[in-house]
Amino acid sequence: MLYKYETKSNRVKGLSFHPTRPWILASLHSGAIHLYDYRIKTLLEKFEEHDGPVRGVNFHMTQPLFVSGGDDYKIKVWNYKQRRCLFTLKGHKDYIRTVEFHREAPWILSASDDQVIRIWNWQSRTCIAELNGHNHYVMCASFHPKDDLIVSASLDQTIRIWDISGLKKKTTTIKPYPQNDTMRLQEEIFGTDVVVKLSLEGHDRGVNWAAFHPTQPYIVSASDDHQVKLWKMNDNVDSFRGHFNNVSCALFHPRQDLIISDSEDKTIRVWDMAKKTTIQTIRREHDRFWTLASHPNANLFAAGHDSGMIVFKLERERPTFVLNGTDGIFYLKKKHFNSYDFSTGRSVVLFNISKIPSNNGTTVMSYNAAERSVLVSSDADAGTYHLYRIPTRDTNQVDTKKGTGAAAIFVGSNRFAVLDKGNNIVIKDLNNEEVKRFQPAQTVEWLFPAPVGHILVMTDEKMILYDIQQKNPVAEIAVPSIRYVVWSKDFSYVAMMGRDSIILANRRLEQICVVGESVLPKSGVWDEHGVFIYTTSNHLKYLLPNGDNGTIKTMDSTMYLTGVKGSKVFAIDREFKKRVIEIDNTEYILKLSLLQKRYGDVIKILRESRLVGRSIIGYLQRKGYPDVVHFVKDDRTRFNLALECGNIDIALQSAKILDDKECWTRLGVEALRQGNQQIVEMAYSRTGDFDRLSFLHLLTGNLTTLKKMINYDNTDIMSKFQYSLYLGDVEERVKLLHEAGLNHLAYITAATNNLKEKAEQIASHITADGKGQLPALPKHVTPLLPPKPVYQAPEINWPLLNIAKTSIDMNNGEVGKFGLEEQVGSGGGSTPIGGGGWDDDIMDEDENANNNNSNNNREEGGGWDDDLDIETTGEGWGGDDVKIAASNQDNFFVAPQPGPSFAQIWTRNSNFAVDHVAAGSFETAMNIFNQQVGIVNFEPLRQLFLSIHMGARLSLGGIASTSSLIEPVQRKHGQPFISYGINYLLDRLKTQAYPAFTIGKLPEAQEHFSNILQCCLVSTVESRQEFNEVRELIGICREYIAGIRLETERRTLNDDPKRQAELAAYFTHCTLQSSHILLTIRAAMNCCYRAKYFAAAASFAKRLLDLSPPQELAVQARKVITASQQSPAAPDSNLNYDERNPFVVCGETMTPIYRGSPSVKCPLCMSSYLPNLKGQVCKVCNLAEIGKEASGLQLVMRS
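Residues numbered from 1 in each chain as written. Predicted model: local features only at pLDDT ≥ 70, side-chain atom pairs only at ≥ 80, totals over all residues. Heavy atoms only, no water.

The protein chain goes by Coatomer subunit alpha in an unreviewed UniProt entry, where it is assigned to Heterostelium pallidum. Under the UniProt heading Subunit (unreviewed entry), the note attached to the protein chain is "Oligomeric complex that consists of at least the alpha, beta, beta', gamma, delta, epsilon and zeta subunits." Taken directly from UniProt, the Function (unreviewed entry) text for the protein chain runs: "The coatomer is a cytosolic protein complex that binds to dilysine motifs and reversibly associates with Golgi non-clathrin-coated vesicles, which further mediate biosynthetic protein transport from the ER, via the Golgi up to the trans Golgi network." (UniProt positions renumbered as here; feature names shortened; annotations may be inferred.)

Printed below as a string of structure tokens:
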């Protein structure tokens, strides 16, 4: 018996496993309900609304619901997703012992100390049946897994079997009687919905529990007479004696002929049904057991006791197998020894064995390839081992030798080691004869394989590697308890897997790394690259030698790895089914290449795969490889990474696309740090930081541009005065002071700087009114003039900081292999035309960057694109260097390579499908739509795609005999402009779709709604609220299209009035505008009345009156009600319509799918369908595949 999880809490009175998730509910005597995840051993949630102990709890099989019943006489239905109680059912008058959901019907079964069993409809929230007959507390009641039966147990010492087939027929069919017919009233009053089929008596005291067998006509019961009884539905009784106190609970094993019971004697016992004996027992010292639960699909059980609960298994489920080299495995299935070949996928029975090893212990298999021998050992039943020689022909003749020992493992081509009871390691040959033995100093718990001539021994605290010849330890490592050991193919590395950790070590047992795991590791293999691949209960993961690990894939069930070849992982499950799992190993191959410094492989992977995401970017940054910036397509991420690694050119490219003030500010700071004055000047200009810009011009001696800044219109007078101070322009200072009305200061400035004419003009202006007086001039004057630049440098950058090349840059000595351009102004030079630094995969400049300045520069021979709008003094961009570069070419001209088109930039920089449509990349757009909303039929979207594609371009006519220029129409950040928005969709909805529906032009209305739904896929939004409005608009279109299809179908059925009435009734349940609801209800009322379904017609008439219709409609509705009450019903009034039971209409069959029934949905419009229609194209949207898993719609956010 294997413990999987144990909790500490108050007394647990009720338990329930979730059918699909690794969850279990525990109801406590304290009044709380705890939800645990037994896989990760965590308490997920607490639910506390009951007053007093909660004795019963149960998960729903399909819905996110569970039900609980307690000593407060209340039954509560909870939604665990919403984490709240939905409603409370009241009716019992004493403690509620158990509650249970029905597997199909919307029923809840409850048993209570008020001696009554009740069946509730949790959808209508009413009690539909009371089962009376017990004359003492009813301790439990449960539904049969398949049949319409209920079993109940009571302290009146009886077990009752109830037949509920009558109740099921009553609640699922309509009686063929009129509403006031005497036969109907008689059946309702005296009808037998639930009858007692059988009453079992045999216990001497009260019965605490009774349960059905999942497949056989058996019942098991537990009683206060200390007995467990097996009833075979015909009064044949088998008694199981062994408990010595009250037996609290008992149930059948779902897959084996076993019974499990627990008792107040503090034990859990497992009984063999055939032998009627106890085969296993779990004892606790101080805790009485109160309840049991079994998982509906897995081999798991749970038991509640005084201080918590335990989740356990009765036996191990791990298959016994061993690798037979690299091409396959040997495995033991029942009594058959099989071989499985990876390449062919075939499994062959090699031979049969006489006895199966017990699953209660650990079974290990070891293979000797040289002698084709297999060693199977088990520590169950004091430990045994069997040595088999694999036969070549006759599978019935097998050379078998056996012996005793807790563990046995091959240590050489003709030797194997056995751990005996005396803590001795015995070395034997293939004839099972002892060769030598030795006794380690520590107590040995288990033996593991090791390189030839060695054996790996596990003790309490260590793993010790022993040399068999010398009988001495050669290496050891301190590790916790290890469960499995996996060596690499060449025995250079070993992985040791514990309960919550994995340790990698080398051949000398020197620890390389250790990683923790919250979920128990199950199995592992080494791939050909030296990466350890392993599984947990639900994940396939990898582990690199440096300790980096990650998840490769999520699995539905537990797998045990048997081998790996390239991108294929071979595994075997608990049912011995062989699985081949396709994986994408790009991520861990990239990380391994970085670890091994194979940078050429890194570059190849990054260029050829779509791997560059947030996790990989973060990983490369943490490891000191910021070079990933060259492969990142998101502009903001690219900008941040470029700044971190000091790549100003790429940061400039991204800043131009982002055009964000913060980005320009950060770029200016980094460019100034590196001494790139040109980019600093551009950054200051874009942010409007003229104070810093003017100071930059002062430092660089660019007085011409500084003088021009004085004349800028947006420059304030204080800044102009500051610029004039920088320039030493006295006349300009005088002029500015005079314009500002500071005449006295202007006079002093002019007089002290020998500007006599200007001083006289200002003086006359001051004394013009006869009152003003001239200020006194200072005696000792020093002109306020800044020093002139000693050397006015040409417009080149300062000597740049030396940015150290990274390891990838220096790979093979080729910077160009990374696709990098030479830095702007590096050392004052420029890149010659046709140089090796241009790479189309890295360039991010669009065609609009080729302005007049850059064209002029190309004519001069520089080949550099002038992106800085900075006025120069006429010398050009480093004119001297350009002339030198041009003269060295000797009239050899190489045209520059064109950059990527705007369509390529759109597809490269966006993950939105609509941007790919605008770029003309329809195939990638269709792939994105298929992943997001499951679209498979793209024919209806053809015209929409073409419209968006053409709408993102402008044709500019040129002169005669020349072709037009095609220019992109772009939104911010350089992506295509999309004209579809929420306002356009709402306008079309109100002005075209609704009016067409109102006047009854249904085909036209359906076309409008379909077009609106399609346009929602390519719409742009400005906020999260608008995105929600688009989702709501898709729902509106779905309801109207579904309703129009119902009405169109109804109008074609002239000879089937029943079907017409049903379709009209379904139409009234579509979510439409209130004015349109009136139209649908009126149509349904008229249709049912004409078909003589008067009850339905009257119901629709009442609904019509509730909506306050116009006077003429109200009069008509009242007439229908009066006529329906006076008219006899149609002979066949069995309509497939129940207005009180919530339902949705199947989009294909146009029949109702009532709440609780299985269904599948369209991932785009969310229309509901019957499960057998999964995989077909949705009839409502005519685009998506029914039931397809999709990530969800994503829309472009305008900013």
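Caption draft 1: Here's a closer look at the overall build of the protein chain. Looking only at helices and strands, the protein chain features 28 helices and 63 strands. Per-residue burial for the protein chain yields a buried fraction of 51% across its 1199 residues. Taking as baseline every contact in the protein chain between residues at least 6 positions apart, the subset at least 24 positions apart corresponds to 48%. Accessible surface, the protein chain as shown: approximately 57,500 Å² in total, 48% of it carbon and sulfur. (Helix = DSSP H or I, 4+ residues; strand = E, 2+ residues; numbered from the N terminus. Buried < 20%, exposed > 50% of the residue type's maximum accessible area, 1.4 Å probe, protein only. Contact = heavy atoms within 4.5 Å. Areas by Shrake-Rupley, 256 points an atom, 1.4 Å probe, with all protein chains shown as cover.)

Caption draft 2: Fine view of the pattern of salt bridges. Following the criterion strictly, the structure yields 28 salt bridges and no others. We note a salt bridge from Glu-49 to Lys-76, for which the minimum N-O separation is 3.9 Å. Within this pair, whereas Glu-49 is found in the loop between β5 (42–47) and β6 (54–59), its partner Lys-76 is found in strand β8 (residues 74–79), the two being separated by 27 residues in sequence. Assessed through its relative accessible area of 40%, Glu-49 is described here as partly exposed. Put simply, Arg-284 and Asp-287 hold a salt bridge, and the shortest N to O gap is 3.0 Å. Connected through salt bridges with shared partners, the residues Glu-6, Lys-8, Arg-284 and Asp-287 form a single ionic network. (Salt bridge = Lys/Arg side-chain N within 4 Å of Asp/Glu carboxyl O.)

Caption draft 3: The arrangement of the packing of helix α27 (residues 1094–1106) against helix α28 (residues 1111–1126) in detail. For the pair α27 and α28, the least separation of the axes is 9 Å and the interaxial angle reads 150°. In this view, α27 runs roughly antiparallel relative to α28, as classed from their interaxial angle. Considering how the two elements wind past one another, α27 and α28 form a crossing that is left-handed. Taken together, the residues of α28 that come into contact with α27 (itself represented by Phe-1094, Ala-1097, Ala-1098, Ala-1101, Lys-1102, Leu-1104 and Leu-1105) are Leu-1113, Ala-1114, Ala-1117, Arg-1118, Val-1120, Ile-1121 and Ser-1124. Of the residues in the contact of α27 with α28, the class split is eleven nonpolar, one polar and two charged. (Axes fitted to C-alpha atoms, helices over the stretch in contact; angles between N-to-C directions. Parallel < 35°, antiparallel > 145°, perpendicular 65-115°, else oblique. Left-handed = near helix turned anticlockwise from the far one by under 90°. Nonpolar A, V, L, I, M, F, W, Y, C, P; charged D, E, K, R; others polar.)

Caption draft 4: Inspection of the sheet that holds strand β7 (residues 65–70) at higher detail. Ordered in space as β6-β7-β8-β9, the four strands form an open sheet in which the pairing is antiparallel. The open sheet is flanked by β6 and β9 (84–90), the only strands paired with a single partner. Strand-to-strand, the axes of this sheet are offset by a mean angle of 20°, without reference to chain direction. (Pairing = 2+ DSSP bridges.)

Caption draft 5: Summary view of helix α25 (residues 1057–1067). The buried fraction of α25 amounts to nine of the eleven residues, a majority that puts the element mostly inside the structure. Where α25 is concerned, the buried positions are Arg-1059, Gln-1060, Ala-1061, Glu-1062, Leu-1063, Ala-1064, Ala-1065, Tyr-1066 and Phe-1067. Packed against the buried residues of α25 are α22 (982–998), α24 (1024–1052), α26 (1074–1090), α27, β59 (1143–1145) and β60 (1152–1154).

Caption draft 6: Local environment of unusual backbone geometry. One non-glycine residue with positive phi stands out, namely Arg-372, at about 50°. Position of Arg-372 among the secondary structure elements: in the loop between β33 (363–368) and β34 (373–378). For Arg-372, a relative accessible area of 34% corresponds to the partly exposed category. The phi dihedral of Asn-423 is positive, around 65°, even though this residue is not glycine. Residue position: Asn-423 is located in the loop between β38 (415–419) and β39 (425–429). Taking relative accessible area as the criterion, Asn-423 reaches 14% and is therefore assigned buried.

Caption draft 7: Region of the structure containing the sheet that holds strand β29 (residues 320–323). In space, the four strands of this open sheet follow the order β29-β30-β31-β32, with antiparallel pairing throughout. At either margin of the open sheet sits one strand with a lone partner, and together these are β29 and β32 (347–352). On average, each strand axis in the sheet is tilted by 25° relative to the strand beside it, whichever way the strands run.

Caption draft 8: Molecular detail of helix α3 (residues 586–595). In terms of residue burial, α3 counts as a mostly covered element, since eight of its ten residues are buried. Of the positions making up α3, those classed as buried are Thr-586, Tyr-588, Ile-589, Leu-590, Lys-591, Leu-592, Ser-593 and Leu-594. Where α3 terminates, the next one or two residues include Lys-597, which has phi positive at roughly 60°.

Caption draft 9: Spotlight on the pairing of β39. Taking burial as the measure, the five residues of β39 include five buried ones, the bulk of the element. By the alternation rule, side chains of β39 split into Ile-425, Ile-427 and Asp-429 and Val-426 and Lys-428, which are all buried. Here β38 pairs with β39 via five bridges, running antiparallel. Bridging across to β39, Leu-419 finds its partner in Ile-425. The pairing of β39 with strand β40 (residues 434–438) spans four bridges and is antiparallel. The partner of Val-426 across the bridge, within β40, is Arg-437. Here β39 folds back onto β40 in antiparallel fashion, the turn holding four residues, of which Asn-432 has a positive phi close to 65°.

Caption draft 10: Structural context of the side chain of Asn-585. Within the fold, Asn-585 resides in the loop between β55 (578–582) and α3. Since its relative accessible area comes to 16%, Asn-585 is described here as buried. In this structure Asn-585 touches Gly-566 and Ser-567, once residues within four positions along its chain are discounted.

Caption draft 11: Spotlight on the environment of Asp-490. Counting through the fold element by element, Asp-490 comes out in the loop between β45 (482–487) and β46 (493–498). In this structure the C-alpha to C-alpha distance between Asp-490 and Arg-507, which are 17 residues apart in sequence, comes to 9.7 Å. In terms of polar contacts, Asp-490 uses its side chain to reach the side chain of Ser-488, at 3.0 Å. (Polar contact = N/O pair within 3.5 Å; in protein donor to acceptor, adjacent residues only side chain to side chain.)

Caption draft 12: Representation of the environment of Gly-31 within the structure. Mapped onto the fold, Gly-31 is located in the loop between β3 (23–28) and β4 (33–37). Along the primary structure Gly-31 and Arg-55 are separated by 24 residues, whereas in three dimensions their C-alpha atoms are 8.8 Å apart. Not counting residues within four places of it along the chain, the set of residues in contact with Gly-31 comprises Phe-47, His-50, Gly-52, Pro-53 and Val-54.

Caption draft 13: Summary view of the packing of aromatic side chains. Overall, the coordinates contain 35 aromatic pairs when judged by the stated rule. Each ring, one from Phe-59 and one from Tyr-80, has its centre 5.8 Å from the other, and the planes form 80°; the classification is edge-to-face. Separated by 21 residues along the polypeptide, Phe-59 in strand β6 and Tyr-80 in the loop between β8 and β9 bring together distant segments of the chain. The same class applies to Phe-59 as to Tyr-80, namely buried. With centroids separated by 6.0 Å and ring planes inclined at 70°, the aromatic side chains of Tyr-1066 and Phe-1143 adopt a geometry described as edge-to-face. Residue Tyr-1066 is found in helix α25, and its partner Phe-1143 is found in strand β59; the two are separated by 77 residues along the sequence. For Tyr-1066, a relative accessible area of 0% translates into the label buried. A relative accessible area of 13% places Phe-1143 in the buried class. Among the aromatic residues, those joined into a cluster by ring pairs are Trp-23, Phe-47, Phe-59, Phe-66, Trp-78 and Tyr-80. Above the ring of Trp-290, the side-chain terminus of Lys-13 is found at 4.1 Å from the ring centroid. (Phe/Tyr/Trp six-rings, centres within 6.5 Å; stacked < 30°, edge-to-face > 60°. Lys NZ or Arg CZ within 6 Å of the ring centre and 35° of its normal.)

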